[in-house]
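Understanding the architecture of this molecule
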Amino acid sequence: KGGGPVPAMHSNRSRYSLPVLVNLLYLGLFLSSSAETLLDDFLLTYTVFMTTDDLCQALLRQYPFTESCFHRGKEDDSDVSCRKRKVLHLVSQWTSLYKDWLHEDEHLKQFLKTIYRNVLDDVYEYPVLEKDLKEFQKILGMHRRHTVDEYSPHRKNKTFFHQFSVKENWLQHRGTMNEAEEIFCRVYITEHSYVSVKAQVSTSAQEILKIVAEKIQYPEEELALVTVSFSGEKHELQPNDLAISKSLESSSRMFVYRKDLTDSLNPFSENEELQQRSVRILGINTWDLALELTNFDWSLFNAIHEQELIYFTFSRQGSAENTENLSLLLQRCNEVQLWVATEILLCSQLCKRVQLVKKFIKIAAHCKAQRNLNSFFAIVMGLNTASVSRLSQTWEKIPGKFKKLFTELESLTDPSLNHKAYRDAFKKMKSPKIPFMPLLLKDVTFIHEGNKTFLDNLVNFEKLHMIADTVRSLRHCRNNQFGNEVPSKEHHELKPYVHHLHVIDNQQALFELSHRIEPRA
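Source: prediction; values computed, not measured. (Residues numbered from 1 in each chain as written. Predicted model: local features only at pLDDT ≥ 70, side-chain atom pairs only at ≥ 80, totals over all residues. Heavy atoms only, no water.)

Scanning the protein chain from terminus to terminus reveals 24 helices and 10 strands. Going through the 521 residues of the protein chain one by one, you find that 50% of them count as buried. Restricting to contacts in the protein chain with at least 6 residues of sequence separation, those with at least 24 account for 72%. (Helix = DSSP H or I, 4+ residues; strand = E, 2+ residues; numbered from the N terminus. Buried < 20%, exposed > 50% of the residue type's maximum accessible area, 1.4 Å probe, protein only. Contact = heavy atoms within 4.5 Å.)

Shown next, in the form of C-alpha cells:
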C-alpha cells in the first residue's frame, strides 16, 4: 500500500488492496493484453467493495489538475496528458458500460460536471485532449461543437450548464417510479388466481379492466376494478383512476368484481374457474404463439443491465430497485410455468386437455428452435408440475411421437452433471439467444458463496473476475438482435393473449383442480 511495491500483472492476480488496484487501473502501470478485461472486471464489480462516490473521488484524485502542474517542467507534459487521458478513458468505459443506470446517481452527476469543466479548461493547454473531449460530449449527449478558442481557460463555461440540462431525465431518482415505467401488475380474479398485466404505471383503471375482461371472457360493463387492503377495506376504482399508482400507494391488491343490477360488487368464487370456457390457445398457430413468447421475453431480457446480476447476487441495500428488469424476467418465467398448468387444469374435457398438452409440447419445441431457453424451460417445467404429471388419463392418450419429443425436450432440462445437457446445447446456439436466467443466477451465486470477497483485508479479485466473466455471457447472447419476425396477422388476439397471462399461483388450488378433473382411482 502507499509507497510500497505494486504487484506485477500476470495470471496470479487473485488479491489486490483497493489503492493498488486503483493505481493499476488508473495509471496504466501494466502493459498486459488483459488490461481491458481487467478494467471491465473492475467496472462490473466495483460496487461489491466500494461506492460510486468512492470511485468518483478516487478518479478526481488521479486526474492531475492543470494548476497543480504549472510548476512542472515541459518534459512532464506528456506524462500529465497521458494520466489525464487514462482517467478519461476509464470514465468513458464506465459510462458506456452503465448507460442510463449511473445517469441517475447524484454523486456521478456532480463528478461528470467537475470532470467536464476540467477538460474544457485543460484542452487549451493540452490539445491532445480534444479527441477525448468530443468522446466525452458524445457520452453526455452534448452535440454542440466547440472550437479550441472556446476551450480557453479564460472563458467561463456558461454553455456547459445549459447543455447538461438537456438531459434532465437523468435527474429522476431510481427509487421513484415514473409514469412511463412498465411493470407487471396482478389483477386477482379470485384469492388464488390472477391476470398478469404488463402496463405502464400511468395506465387507467378502464384500460386494465378492458384487458382483464377480454382475458376472462366476461362483459366489461359487468365488471369493476377494486383495491382490497390487507385489512379487507375495499375501494372501487373509477375509469380514469391511475389503477397501478393507487394500488402501490395503498399497498393493496387489485381485484376484479362482478356488478349486479343494483351495482353491488360481488367477488368471483373459486369454483367459477371451472365453468365452460373456450380454450382459445387451441385455435392459435403454435409457431406464432412461440414467436410471440420469444419476442416478449427478448424485450425483457434485452432490458436487463449486467449490474442487476451483481446486485441480485450480493443483495446490497436497495437491490430491489436495482434489479427491476431482472425481476420482471424471473417473474415471467414463473408465470409461464403456472400458465401452462392453469390452462391444462382449467380444461375439464379430456379430449381438449389432450390437445392442450400436445400443443404445449410443440410450443416448447418451437421455443427451443427460436433459441428462447427461458420460456422453453418454463413450459417443460409446467408440464412436469405434479398436478399436471399425475393426469394419467390425459397422458395415456398422448400419441407416441409426442411422448418421444417431450422426452427429448426433457433431457435438456436434466440437472445432472451441473446441467451439462443444457450447457452443451446452449453453447452451440448462435446469438441472439435467451438463456434460462435462474440457472445463470445460480452460477453467479455459486461463485459468490464458494469464495470469500476479501482475503486478509484485500479484494479477492479472482472471485470478481469469475463473476464478471459469467455476467459477460449476457453480451454474447445479445450480440445480435432478433430478426423481428412478426407472427401472422390472422390471430389479432395473440399479442394480448401472450402478454397478459391468466394464472393460478397456489399449488393447493392446482391440486384440487387436478383431482376434480381426474379423481384418484
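So that's the structure; there's more coming.
For the coordinates displayed, the defined rule picks out 18 aromatic pairs. Pairing Trp-298 with Phe-301 gives two aromatic rings, centres 5.7 Å apart and planes at 55°, and the pair type is tilted. Here the residue Trp-298 and the residue Phe-301 both occupy positions in helix α11 (residues 286-302), the gap between them amounting to three residues, near one helical turn. Take Trp-298 and Phe-301: they sit in the same class, and that class is buried. (Phe/Tyr/Trp six-rings, centres within 6.5 Å; stacked < 30°, edge-to-face > 60°.)

Two numbers describe how α11 lies on helix α14 (residues 350-369): the axes approach to 9 Å, and their chain directions differ by 55°. Classified by the angle their axes make, α11 and α14 are oblique. Remark: the crossing between α11 and α14 carries right-handed chirality. Of the residues in α14, those in contact with Thr-286, Trp-287, Leu-289, Ala-290 and Leu-293 of α11 are Lys-359, Lys-362, Ile-363, His-366, Cys-367 and Ala-369. In terms of residue class, the contact of α11 with α14 is made up of seven nonpolar, two polar and two charged. (Axes fitted to C-alpha atoms, helices over the stretch in contact; angles between N-to-C directions. Parallel < 35°, antiparallel > 145°, perpendicular 65-115°, else oblique. Left-handed = near helix turned anticlockwise from the far one by under 90°. Nonpolar A, V, L, I, M, F, W, Y, C, P; charged D, E, K, R; others polar.)

What follows deals with the pattern of salt bridges. This structure, assessed with the given rule, holds 17 salt bridges. With a closest N to O distance of 2.8 Å, Arg-472 and Asp-40 form a salt bridge. With a gap of 432 residues between them, Arg-472 in the loop between α21 (461-471) and α22 (473-477) and Asp-40 in helix α2 (residues 35-45) connect regions that are remote in the sequence. Each member of the pair, Arg-472 together with Asp-40, is buried. One salt-bridge network, held together by shared partners, links Asp-40, Asp-41, Glu-306, Asp-469, Arg-472 and Arg-475. (Salt bridge = Lys/Arg side-chain N within 4 Å of Asp/Glu carboxyl O.)

Look at helix α9 (residues 205-216): 16 Å from first C-alpha to last across 12 residues, which is about the 16 Å you get at 1.5 Å a residue. Looking at α9, one finds that the buried residues are Ala-205, Ile-208, Leu-209, Val-212, Ala-213, Lys-215 and Ile-216. In an axial view of α9, the angular spread of the buried residues amounts to 160°, which keeps them on one side of the axis. Of the residues trailing α9, Gln-217 is marked for its positive phi of about 55°. (Expected span 1.5 Å × (residues − 1). Arc of directions from axis to C-beta.)

This next bit is on helix α24 (residues 507-517). Taken as a whole, α24 has its buried residues at Ala-509, Leu-510, Leu-513, Ser-514 and Ile-517. Buried residues of α24, viewed axially, fall in a sector of 140°; they line one side. For α24, the secondary structure elements touched by its buried residues are α13 (324-345), α14, α16 (386-389) and β10 (502-504). Of the residues flanking the start of α24, the one acting as N-cap is Asn-506, its side-chain oxygen 3.0 Å from the backbone nitrogen of Gln-508. (Polar contact = N/O pair within 3.5 Å; in protein donor to acceptor, adjacent residues only side chain to side chain.)

This part takes up the environment of Lys-495. Within the secondary structure layout, Lys-495 lies in helix α23 (residues 494-499). Residue Lys-495 is classed as partly exposed on the basis of its relative accessible area, which comes to 48%. With 200 residues separating them along the chain, Lys-495 and Asn-295 place their C-alpha atoms 9.9 Å apart.

So, about the side chain of Thr-453. Structurally, the position occupied by Thr-453 is in the loop between α20 (437-450) and β8 (454-455). Here Thr-453 falls in the buried class, since its relative accessible area comes to 15%. In contact with Thr-453, not counting residues within four places along its chain, are Val-48, Phe-314, His-448, Leu-458, Val-459, Asn-460 and Lys-463.

What follows is about the pairing of strand β4 (residues 223-228). Of all six residues in β4, six are buried, a share of seventy percent or more. In terms of strand pairing, β4 meets strand β6 (residues 253-259) through six bridges, oriented antiparallel. Pairing of Ala-224 across the sheet is with Tyr-257, part of β6. In this structure, β4 lies alongside strand β5 (residues 234-236), joined through three bridges in antiparallel fashion. Its bridge partner lying in β5, Thr-227 is registered against His-235. (Pairing = 2+ DSSP bridges.)

Attention now moves to unusual backbone geometry. Here the amide bond leading from Ser-431 into Pro-432 is cis, since omega sits at 5°, within 30 degrees of zero. Within the secondary structure, Pro-432 is located in the loop between α19 (416-428) and α20. In this model, His-419 sits at a positive phi of 55°, which is unusual for a non-glycine residue. Tracing the sequence through the fold places His-419 in helix α19. Judged by relative accessible area, which is 10%, His-419 ranks as buried.

That is the geometry; function is a separate question.
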